[in-house]
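Working through the structure, step by step
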Amino acid sequence: EINGSAVMSATGKVANGLFRFFQLSAARTAPQLSALPRQQQRHLSLHEYHSVKLLKDAGVNIPRCEVAGTPHEARRAAELIVGNGAVVKAQVLAGGRGKGKFDSGRVGGVKIFNLPQEVEQLAGQMIGSKLITKQTGSHGRICNKVLVCEKLNPEKEYYFAITMDRAYKGPVIMASDQGGMNIEDVAKDNPDAIVKQPIDIMKGLSTEEALKVAKGLNFSPSCQEMASEQMMKLYEVLIDCDATMVEINPMTEDRNGQVYCMDAKITIDDNASYRQTDLFKLRDPSQEDPNEVEASQYNLNYIKLDGSIGCVVNGAGLAMATMDVIKLHDGEPANFLDIGGGADKTQVTKAFEIICSDSNVKVILVNIFGGIIQCDVVAAGIIEAVKEIKTSIPIVVRLQGNNVDDAKALFAASKISKRIVFEDDFGRAAKLAAKLAATQSSTQQGGRNFEIPL
């Protein structure tokens, strides 16, 4: 029997990794887009230095800043910024930079310095190193540039963001008077500190609504008008850029009545790539998983997870169900991979190559429903992939639908037939994959060879 609560628990554990794909999956199958090449669905995250430029172009008040790709450029930037010192920020697409640690040993991806030569020295330690934060995992992400910003002395700090929210069926302002800190912690510990203001996307953000938010955040009376003006400009950035989120942390006010956006994070809807071509040229593949980048080049929807069972599935719904059932049988999926309905032999081969490149994968589960895609096409791709990469990873295959008998005949006639176990039942296939993965792990730890029990 399938335990309903176990399924829900399994779904919850994998949903975080799948959200960026599945949130927009409906758009992928829209009939009017059927002639376009299918693209991996996720949001484009812009580096901070790109985001602050968009804000500056929109008239948003930001500190003076310069981006640098070398230590010498960082020093020149610091010399150009006259003030009370400089803030040096590692340009890495991850939250928690200030509390992060570089693989070179230096702690902190956001530092304050007073002298240009200090900025140059610090940039030399940041650029070319990997920053490890709670969002990057232990492998970290490479820092290729730093942003050198004017150091200001704010009186108060706020959190401000506009995001697209399904619950509100459109954009909503999420803000707090507790800025400069992890907003997730604020929402957890003090949910009443979060101000929410839905926006009618047909009317836009009105002056009255923006002022209401500014007053709700307890901006000083002398700053409320400027704060509301900044909020309205940030909303225009969201709409003009087809952004799914514009986040400022912190938004500040100073004793002179000035309001500044000190930091910026902007994510762009991938479905707008056809009309936001300039923004999508700013994508930085060095900040993404190499396998995910390669998969997107072959129009495969791949997201790496932490388990040992590689999954090759067609359709997002079936892929999620496959991982749920694997979890139900105490297995751990190594990836989310949807080859789609129109995959050809080359794409299937590439899918296998990507999965087999993950050293954590102990067994591969193929779960295909041949509706649009033909089962024999999948079989040909698998056979070709195993020949090319010469993997010894055992494969559990569950095929149903168009040309399934032809697919099985191809497998039977191939030289890899002894490495494959066929199982027509969905649940038994997932259970077998979980058992094989556990057996593989134990035999490898004991130094013994492993053969599939046919």
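Everything below is about the structure shown above.
In this report, the structure presented in the accompanying data block is examined.

Reading the values: rules and limits
Residues numbered from 1 in each chain as written. Predicted model: local features only at pLDDT ≥ 70, side-chain atom pairs only at ≥ 80, totals over all residues. Heavy atoms only, no water. Helix = DSSP H or I, 4+ residues; strand = E, 2+ residues; numbered from the N terminus. Buried < 20%, exposed > 50% of the residue type's maximum accessible area, 1.4 Å probe, protein only. Contact = heavy atoms within 4.5 Å. Areas by Shrake-Rupley, 256 points an atom, 1.4 Å probe, with all protein chains shown as cover. Axes fitted to C-alpha atoms, helices over the stretch in contact; angles between N-to-C directions. Parallel < 35°, antiparallel > 145°, perpendicular 65-115°, else oblique. Left-handed = near helix turned anticlockwise from the far one by under 90°. Nonpolar A, V, L, I, M, F, W, Y, C, P; charged D, E, K, R; others polar. Pairing = 2+ DSSP bridges. Core = buried A, V, L, I, M, F, W, Y, C linked by side-chain atoms within 4.5 Å. Patch = residues over 30% accessible without salt bridge, like charges linked within 9 Å, V, L, I, M, F, W, Y side chains within 5 Å. Salt bridge = Lys/Arg side-chain N within 4 Å of Asp/Glu carboxyl O.

Overview of the overall build of the protein chain
- Along its length, the protein chain carries 15 helices and 20 strands.
- When burial is assessed residue by residue, the protein chain has 49% of its 454 residues classed as buried.
- Restricting to contacts in the protein chain with at least 6 residues of sequence separation, those with at least 24 account for 71%.
- When the accessible surface of the protein chain is split by element, carbon and sulfur atoms take 50% of a total near 21,900 Å².

What to know about the packing of helix 13 (residues 375-389) against helix 14 (residues 404-413)
- As a packed pair, helix 13 and helix 14 sit with axes 7 Å apart at the nearest point and diverge in direction by 20°. Relative to helix 14, helix 13 is oriented roughly parallel. The hand of the helix 13/helix 14 crossing is right-handed. Facing helix 13, whose interface residues are C375, D376, A379, A380, I382 and I383, helix 14 presents V404, D406, A407, L410 and F411.
- In terms of residue class, the contact of helix 13 with helix 14 is built from 9 nonpolar, no polar and 2 charged.

Focus: the sheet that holds strand 7 (residues 141-142)
- Spatial strand order, 4-6-7: 3 strands in an open sheet with antiparallel pairing. Two strands in the sheet have a free side with no partner beyond their single neighbour: strand 4 (101-102) and strand 7.
- Sheet analysis places strand 6 (residues 130-132) next to strand 7, joined by 2 bridges and oriented antiparallel. Following the sheet pairing, K130 is matched in strand 7 by I142.

Concerning the sheet that holds strand 3 (residues 86-90)
- Taken together, the 4 strands give an open sheet; going across it, the order is 2-8-3-5, and neighbouring strands pair in antiparallel fashion. The open sheet has two edge strands, strand 2 (65-68) and strand 5 (110-113), and neither has a second partner. The average angle at which neighbouring strand axes cross in this sheet is 20°, direction not considered.
- In the packing of helix 3 (residues 48-57) onto the sheet, the strands contacted are strand 2, strand 3 and strand 8 (146-150), and the crossing angle to strand 8 comes to about 45°.
- The strands touched by helix 4 (residues 71-80) within the sheet are strand 2 and strand 8, with strand 8 carrying the most contacts at an inclination of about 10°.

Brief notes about the nonpolar core
- Core analysis: the biggest nonpolar cluster contains 43 residues, and L55, F219, M231 and L234 have the highest contact counts within it.
- Tallying contributions element by element places helix 8 (residues 224-240) first for this core, with 7 residues.
- When near neighbours in sequence (up to four residues on either side) are disregarded, L55 contacts V60, I62, L234, V237, I248, C261, A264 and I266.
- With 35 residues, the next largest nonpolar core counts L300, I355, I383 and L399 among its residues.

A short note on the side chain of T349
- Within the secondary structure, T349 is located in helix 12 (residues 345-356).
- For T349, a relative accessible area of 6% translates into the label buried.
- Apart from residues lying up to four places away in sequence, T349 is in contact with G381, E384, A385 and E388.

Focus: a nonpolar patch on the surface
- Among the surface-exposed residues, M164, I201, M202 and I239 lie close enough to one another that they form a single nonpolar patch of about 380 Å² accessible area.
- Positionally, I201 belongs in the loop between strand 11 (194-198) and helix 7 (207-216).

Focus on the packing of helix 4 against helix 5 (residues 116-126)
- Relative to each other, helix 4 and helix 5 sit at 150°, their axes nearing to 8 Å. Judged by the angle between their axes, helix 4 and helix 5 are roughly antiparallel. The element helix 4 and its partner helix 5 pack so that their crossing is right-handed. On the side of helix 4, the interface is formed by P71, H72, A74, R75, A78 and E79, while helix 5 contributes P116, Q117, V119, E120, A123 and G124.
- Residues of the contact of helix 4 with helix 5, tallied by class, amount to 6 nonpolar, 3 polar and 3 charged.

A word on the environment of Q197
- Tracing the sequence through the fold places Q197 in strand 11.
- Setting aside its immediate chain neighbours within four residues, Q197 contacts V172, I173, E209, K212 and V213.

Brief notes about the pairing of strand 9 (residues 156-165)
- Here strand 9 runs beside strand 12 (residues 243-253); their pairing, made up of 7 bridges, is antiparallel. Bridge pairing in strand 12 places Y158 opposite M251.
- Bridge count between strand 9 and strand 10 (residues 170-176): 7 bridges; the pairing is antiparallel. Pairing of Y159 across the sheet is with S176, part of strand 10.
- Where strand 9 folds back onto strand 10 in an antiparallel hairpin, the turn is made up of 4 residues, including K169, whose phi is positive at roughly 55°.

Description of the pattern of salt bridges
- This structure, assessed with the given rule, holds 20 salt bridges.
- We note a salt bridge from E48 to R97, for which the minimum N-O separation is 3.0 Å. Placement of the pair is E48 in helix 3 and R97 in the loop between strand 3 and strand 4, with a sequence separation of 49 residues.
- The buried category is assigned to E48, whose relative accessible area is 6%.
- Given the relative accessible area of 12%, R97 is considered buried.
- Its salt-bridge partner being E155, residue R255 comes within 3.3 Å of it at the nearest N-O pair.

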